[in-house]
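# Chain and residue survey
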Amino acid sequence: MTAVVASGCAGCSQHRVDSLVRLGLNPNKWDFLIALAGNPNVGKSTVFNSLTGLRQHTGNWPGKTIARAEGAFAYESKRMKVVDLPGTYSLQAGSADEEVARDFILFGRPDVTVVVVDATRLERNLNLVLQILDISDRVVVYLNLMDEAKRHGIGIDVAALERQLGVPVVSGVARENIGVDELVSAAFHVASGAEPTRPFRVEHFEDHIEETVLSVAQHVSSVFPHVPTSRWVALRLLNADDAVIEVVRSGELGRLGDTPDGSERLMPTLAEREHLLSTARRKRWELPTDFHDKIAERIYAVAQQVSEATQLKGLRRAGFDLDRILDGLLTSRWLGFPLMLAILAAVFWITIEGANVPSALLANLLIDTVHPRLIEIGELVGLPWWLSGFLFDGIYLATAWVVAVMLPPMAIFFPVFTLLEDFGYLPRVAFNLDAMFRSVGAHGKQALTMCMGFGCNAAGVVATRVIDSPRERLIAIITNNFSLCNGRWPTQILIATIFIGALAPEQLAGVVSAAAVVAVAVFGIIVMFAASWMLSQTVLRGEATSFSLELPPYRPPRILQTLYTSVIDRTLVVLWRAVVFAVPAGAVIWLVSNIHIGDSSLAEHAVVSLQPLGFLIGLNGVILLAYIVAIPANEIVIPTVLMLTVLTVEMAGAGSGDGVMFELSNVGETGELLRAGGWTLLTAVNLMLFSLLHNPCSTTIYTIYRETRSKAWTLLATFLPLAIGVIVCFLVTQLWRLVSL
């Protein structure tokens, strides 16, 4: 071996710094680094929030689209950095989430890894705990949800579990802050070295497998004598783990362990490293073909033994089994879908009805009050009419419309959606729809991104990060626009009320209008399935992947935390992007309405040019131009349609001026204006369809590009819905006119 110049400790320390920088962290801002690991739905985020409070921020892991949350807190005058790792069921690096978690624990070498465990599902959660103990000595286990365990008649001998695992175990209820102080203390003592650990390691496989593992592990120890996890490295080499093979080949593995104080670190030669790899390859062929399954079975068997030795069942239940009753209804073959549609319809109704008053108040403030005052200020300071119109009638008014129409529904939908997620219902939605999505070559988790798209398509695109398969994630991104987002609901409701509801008796008009809007939303889901199937058979050909979906227990939602995360992380972020794109839209709308060529404005020329295409697909030039200039935000389509209708029809006394968007307070007056512009029932039906199927808004297009980093996929996601919308409207129009003959 060749001696490395730096001492062992110095080289180890510098390597850790380099690894942390590569993982996207600045190692100069804390004293101790805590990794927070656990299965999905064990309350890991609740523990993270309890530890860090508001001292946290989110981002992505380097080179990944997986979200990363970081936070900090102080304890015993020390700065404690907490990194919330993705929720995973194992560390086999079979998915992007598992790879991120495994690499951080292995190469980031946190001072302590806190593993959050669901006390009601101890055996299943111990699978991950045992795998982490194979990698790291510094581990603390937090038994969360002890209250639910008690409710289910489950007791756990914490002291016995601690003896079995060889690391500190703390029990508690994170959402009530029970046991969190004890967890911090235990983590601090392990991180500082004040409390040594003797982690349990899974051994004793079948004789032939055990002999092979020991042989390779001894070879690992001879080449890398200071690596404390030689047995785990041997298992990963025998599993042909590419990441571990690479760190062996590069020699980086030799810098993971500690050396005695003052000793020099000995780096194996390239020949020694390659010999180790060739030995592992040769030994791999001596193992049975089901070697991986045998290892997994052994880990699960040990988890079962530990669980049985420490878990006390048969205690008197604190109440009836509510989870079983709810699952019997919500995942029922016969009731699951109707209840799902009813719940989603209730969410939409709450969103629409709840947004009416705040939207009206915002519109009254921003449009009816502030806008006229801005005009007056412009006159006082002597702004020319064109500059005043450009700034206040164009840019400001478009921005005000977006805020007034978009903010209230999102501020309601996202919290309600997150409450359903916290309660545990959304995984049931994915469970109900999994088979349907897989049948069209898509991923079952697309059901979750579809639901998020009903609030905002941009948020739905970001939500596709939960899908590991790049192919299936692209399918979810491209087809998310077929979820009828809240920006399109006002258009749907208004047109359905004016034209569809008018066909029914007055007492049934509201029900018929609502049914029409729901039918359009359901049709969007059907188109999503059809488009997913088409993509999976053509440009994104491939088989649907399976995934592990654990149905978490039902839990009381965290109201305050939900409000914070929904408003800050979702509503305001999406709203800001929409506002950024609304500014140029308002400018364009005002300019095309006020710049004239001859006796007509650019808008009038464009309407005339688009009229033949509009007639062909059952729309008109005004509608098509409105969707072109209002691409940044669906919320301003109706005000733009009304303004362009007044401009082109030349209705005296109507509207607020060229390029000035407006809405009428009375639905009847809006209907009269639209009919004066040549609207018919066919126009209304096709507008509802085109509103559902047209291209995404600018905010969503920008988000698609950020998530895919591909112009080609962004263009496909933009023009595929538009092409489908034009085709559907054309077919409906021709059939309508044929039947009407």
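Please refer to the structure higher up on the page.
Let me sum up the structure you'll find in this document. (Residues numbered from 1 in each chain as written. Predicted model: local features only at pLDDT ≥ 70, side-chain atom pairs only at ≥ 80, totals over all residues. Heavy atoms only, no water.)

This part covers the nonpolar core. The biggest cluster of nonpolar side chains holds 116 residues, and the ones touching the most others in it are Ile495 and Ile636. With residues up to four places along the chain from it excluded, the contact list for Ile495 reads Ile500, Ile638, Leu674, Trp679, Ala684, Leu687 and Met688. By size, the runner-up hydrophobic cluster in this structure holds 64 residues, among which are Val141, Trp232, Val248 and Ile299. (Core = buried A, V, L, I, M, F, W, Y, C linked by side-chain atoms within 4.5 Å. Buried < 20%, exposed > 50% of the residue type's maximum accessible area, 1.4 Å probe, protein only. Contact = heavy atoms within 4.5 Å.)

What follows deals with a nonpolar patch on the surface. Taken together, the side chains of Leu613, Leu616, Ile727, Phe730 and Leu731 make up a nonpolar region of the molecular surface, amounting to roughly 450 Å² of accessible area. Sorting the residues of the nonpolar patch by element identifies helix H23 (602-616) and helix H29 (711-740) as the ones contributing at least two each. (Patch = residues over 30% accessible without salt bridge, like charges linked within 9 Å, V, L, I, M, F, W, Y side chains within 5 Å. Areas by Shrake-Rupley, 256 points an atom, 1.4 Å probe, with all protein chains shown as cover. Salt bridge = Lys/Arg side-chain N within 4 Å of Asp/Glu carboxyl O. Helix = DSSP H or I, 4+ residues; strand = E, 2+ residues; numbered from the N terminus.)

The side chains of a regular strand alternate between both faces of the sheet. Burial analysis of strand S2 (residues 32-38) places 7 of its 7 residues in the buried class, which makes it a mostly covered element. The side-chain alternation of S2 yields two buried faces, one formed by Phe32, Ile34, Leu36 and Gly38 and the other by Leu33, Ala35 and Ala37. Sheet topology note: the S2/strand S5 (residues 78-84) ladder contains 5 bridges and is parallel. Note that in S5 the partner of Phe32 across the bridge is Met80. Where S2 meets strand S6 (residues 112-118), 5 bridges bridge the pair, whose relative direction is parallel. Each bridged residue has a counterpart across the sheet, and for Gly38 the counterpart in S6 is Val116. (Pairing = 2+ DSSP bridges.)

All told, the structure shown has 9 aromatic pairs when counted by the stated rule. Judged by centre distance (5.6 Å) and plane angle (25 degrees), the rings of Phe413 and Phe417 are stacked. With Phe413 and Phe417 both in helix H15 (residues 385-423), this residue pair falls 4 residues apart, about one helical turn. Each of the two residues, Phe413 as well as Phe417, counts as buried. Put simply, the rings of Phe32, Tyr75 and Phe188 touch in pairs and so form one group of aromatic residues. Across the ring face of Phe499, the terminal group of Arg675 is positioned such that the distance to the ring centre comes to 4.9 Å. The lysine or arginine in question, Arg737, covers the ring of Phe615, its NZ or CZ lying 4.0 Å from the ring centre. (Phe/Tyr/Trp six-rings, centres within 6.5 Å; stacked < 30°, edge-to-face > 60°. Lys NZ or Arg CZ within 6 Å of the ring centre and 35° of its normal.)

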